[in-house]
Amino acid sequence: MRTLFIPTPLALALALTLGSSAALAQEVNSLKPIIITGDAQASPLAPSVQAEQQRLNQVPGGTNLITPQQEARLATLRDALDFEPGLVVQEFFGGLDQPRLNIRGSGIQSNPVNRGVLLLQDGLPLNEADGSFVIGFLEPRNADYISVRRGANALSPAATTLGGELDFQSLTGTQGDVLRLEGGSFGRLGAQAAKGFQGDTLDGRLSVTHDKYDGYRHHSGSKRTSVQGNVGVVGDNFENRTYLSYVDLDVTIPFVVPRAMMEEDPRDVIGDGKTANHPLNVYKRDPHRISRQFRVANRTYWGTEALNHTFGVYAQNVDDTFQDPLSVTATDGMTYGAQWQLAGQYENIDYRVALDWARSDMDRKLYVVNPDNGSRLREFGNYDLQAENRNALLGFAWHVTPQWSVVGNAKFSQAIRNARERSSGKDLNQDWSYISPTLGLVWQPAEHQRFFANISRSNEAPTYWEIVNGSVTPRPNAIMPIPASTSLSELQLQRADTIEIGGEGRLGDGQYAPNWAVALYHSDVKNELMSVSTANGTAAGTYNYQGGTRHRGMELGLRGSLPGFVQNATFDYRVAYTFSDFRFKDGEYAGNRIAGVPRHLISAEVLYHSGGLRIGPNVRWMPSATETNHANMPDTQQDSYALLGFKADYRIDKHWQAYVQADNLTNKTYASAFVIRNVAAPDAPTFLPGNGRSVTAGVSYRF
């Protein structure tokens, strides 16, 4: 079991970086070889895993290439992103709500999580034009792979944030023909039906998924329905693909509780037991989120490897209602976008020119929650919001020698955020123009080995979740007048200068040589966007921290196999370690840790693999406490925890597969997430307890 732990991560990272001299295996999330057939570049708009890995090899920084179809269970996004360095995944309360996702500290404080990274679906943005997103719209069961370009290594002209981008590449044709059924603890039920067709020039696929979950905690049920399809036409030096999707997400929210209440019974919410008469009784106020999105997109590629064009357009409608115990934020938005890229080769230089445009028109209304029954008591804000982004990219990769490449790009951006409150006529029009440059070096001393370094600047404009504010004073009932007000915040651009070094490769030769990847980064951040909560746990607003902040860390991955007990059997292992040291440099909280991000996060798994059987334990370990407020007040931290799990899956034949997976075997009481404040008291409602012991089982049939 020593392979599960890394006692000296920095020493190991240096040894990996300096001592490796062998070949690099593909860095994909696979426990067995992926067989690639045909031309890896046959479909430019739906490239293979191999083709995507070749593209990522030219990136002078940290990346992840994840193949979620290798996982038996894909109930939530965490199932797909586990065991990946650099991706910090914190569940809210273990249901279908989807987790809080953080890369290098970008957007981790938003509540609900809604900014900091660019989410892409088949290369086109899934975010609204203001940068916000509903992470529950992602469906990993329909992804052939997930390509992650961390930080300024993002390739899209629209990606300029500190967190980078995640691109979900859809399954096409008959790749993912499957019937899937699963169920488990706390009323978990899930089903998927997907079928496609594949011709010489035409292919298509349709997938329908539905999930229902009663929830571990009281008032934590959820349900989700997703319909996704795509159709592709391929010709000589030409390809066109159309994508359609509809997602309906309905989540009830148990809300945060004080530490003492979590430790007494982690399933309880405010409204249980001694808190039955609490003014924020969850049963009466009914916090929840209902989100629906309809999206259509189209992409066209024409040309050759020497010179080609890609043009894409998309439109999406979002109807999103987020209700906390005090207020309702209801948003009806329409987003349009277009993206064009010219790419080619000139002698030993690869070049790219790209343009990106997106616009969102949103109606956002704010209501006071009736403390007696959770209905909308009255409207206190009615906003007309327009967001627009205009981006241009110039990029190149100069292959100086077969081993050395200089890679650079510059993204020129204008972000517009106009807001008007219809009732009062007050408005706030903001725009920011900025350049996000990156310059890097890639060294490949062997055929499949690379080291990299880069220097970059990232920029992030605020979303409307930061600009539009609502404040409601809690009252025990609707008889008393309930004060409520709304306002607009003038905010500055968040900017970060980053230096990054690292590499990836294989230690030694032969079948059992492990693959490794490591990235170390240091970011100096100016005007960091700080979203904080009130003493009640509801949103208090966002401000730019004026003292400067520093983000630095290490992202380390290790995976491979060891010989098993019998011939052709192996012990397959994977370990991911993410170290995050985020601090205030100057100002009010100088020297303190920035709240919200675990300092150390380790996930590891060992599976015994023989024939169609894979079986073994896993662990998710946060070995040190995490600050929940920027003042770093004593007795307010999220405590450390280690969650033990176990999984077994059996591929009966080429069609049938069954699995069983257990989580939190020791029934550990722990906080999976929390709200962030400037200052907090030990008895404040802060924590979201994570799931207790649970078991999930499922069966699938692949056509």
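Residues numbered from 1 in each chain as written. Predicted model: local features only at pLDDT ≥ 70, side-chain atom pairs only at ≥ 80, totals over all residues. Heavy atoms only, no water.

Before going further, it helps to spend a moment on the overall build of the protein. When you go through the protein residue by residue, the secondary structure sums to six helices and 35 strands. Taken over the C-alpha trace, the protein has a radius of gyration of 24 Å; the compact-globule value for 703 residues is 27 Å, and the two agree within 12%. Considering the protein as a whole, with its 703 residues, one finds that 61% of them fall into the buried category. Carbon and sulfur atoms form 57% of the exposed surface of the protein, whose accessible area is close to 26400 Å². (Helix = DSSP H or I, 4+ residues; strand = E, 2+ residues; numbered from the N terminus. Rg over C-alpha atoms; globule rule 2.2 N^0.38 Å. Buried < 20%, exposed > 50% of the residue type's maximum accessible area, 1.4 Å probe, protein only. Areas by Shrake-Rupley, 256 points an atom, 1.4 Å probe, with all protein chains shown as cover.)

This part is about the confidence of the model for the protein. Residue-level pLDDT values for the protein average 91, and 93% of them are 70 or greater. Scored below 50 in pLDDT, residues 1–41 shows 98 contacts in the model against residues more than four places distant or in partner chains. (pLDDT = per-residue confidence, 0-100. Contact = heavy atoms within 4.5 Å.)

Per the counting criterion, the structure on display carries 14 aromatic pairs. An aromatic cluster of at least three residues, connected via ring pairs, comprises Trp404, Trp443, Phe451 and Trp516. The ring of Tyr521 has Arg104 sitting right over it, with the charged end atom 4.5 Å from the ring centre. Arg364 extends its terminal NZ or CZ atom over the ring of Trp465, reaching a point 4.7 Å from the ring centre. (Phe/Tyr/Trp six-rings, centres within 6.5 Å; stacked < 30°, edge-to-face > 60°. Lys NZ or Arg CZ within 6 Å of the ring centre and 35° of its normal.)

By the element assignment, Thr209 lies in strand E10 (residues 202–213). With 17 residues separating them in the primary sequence, Thr209 and Gln192 have C-alpha atoms 4.3 Å apart. Ignoring any residue separated from it by four or fewer positions in sequence, one finds Thr209 in contact with Glu139, Arg141, Ala191, Gln192, Arg224, Thr225 and Ser226. A polar contact is formed between the side chain of Thr209 and the side chain of Glu139, at a distance of 3.0 Å. (Polar contact = N/O pair within 3.5 Å; in protein donor to acceptor, adjacent residues only side chain to side chain.)

Here the focus is the side chain of Thr549. Along the chain, Thr549 falls in strand E27 (residues 549–563). The exposure class assigned to Thr549 is buried, which follows from its relative accessible area of 1%. There is a polar contact of 2.5 Å between the side chain of Thr549 and the side chain of Glu528. The residues contacting Thr549, other than those within four sequence positions of it, are Ser523, Asp524, Val525, Glu528, Met530, Arg583, Phe584, Lys585 and Ile594.

The element strand E28 (residues 570–584) is extensively covered by neighbouring structure, given that 13 of its 15 residues are classed as buried. In this structure, E27 lies alongside E28, joined through 15 bridges in antiparallel fashion. Pairing of Gly560 across the sheet is with Tyr573, part of E28. Both E28 and strand E29 (residues 600–610) contribute to a ladder of 10 bridges, which runs antiparallel. By the bridge assignment, Ala576 is partnered in E29 with Ser603. (Pairing = 2+ DSSP bridges.)

All right, on to the sheet that holds strand E1 (residues 63–66) then. The five strands lie next to each other as E1-E6-E7-E4-E5, forming an open sheet whose pairing is mixed. If you trace the sheet from one side to the other, it starts and ends with E1 and strand E5 (124–125), each paired once. With two bridges joining them, strand E4 (residues 118–121) and E5 adopt antiparallel strand pairing. Paired with Gln121 across the strands is Leu124, a residue of E5. Its contacts with the sheet put helix H2 (residues 49–56) on E1 and strand E6 (143–150), and the angle it makes with E6 is roughly 5 degrees. (Axes fitted to C-alpha atoms, helices over the stretch in contact; angles between N-to-C directions.)

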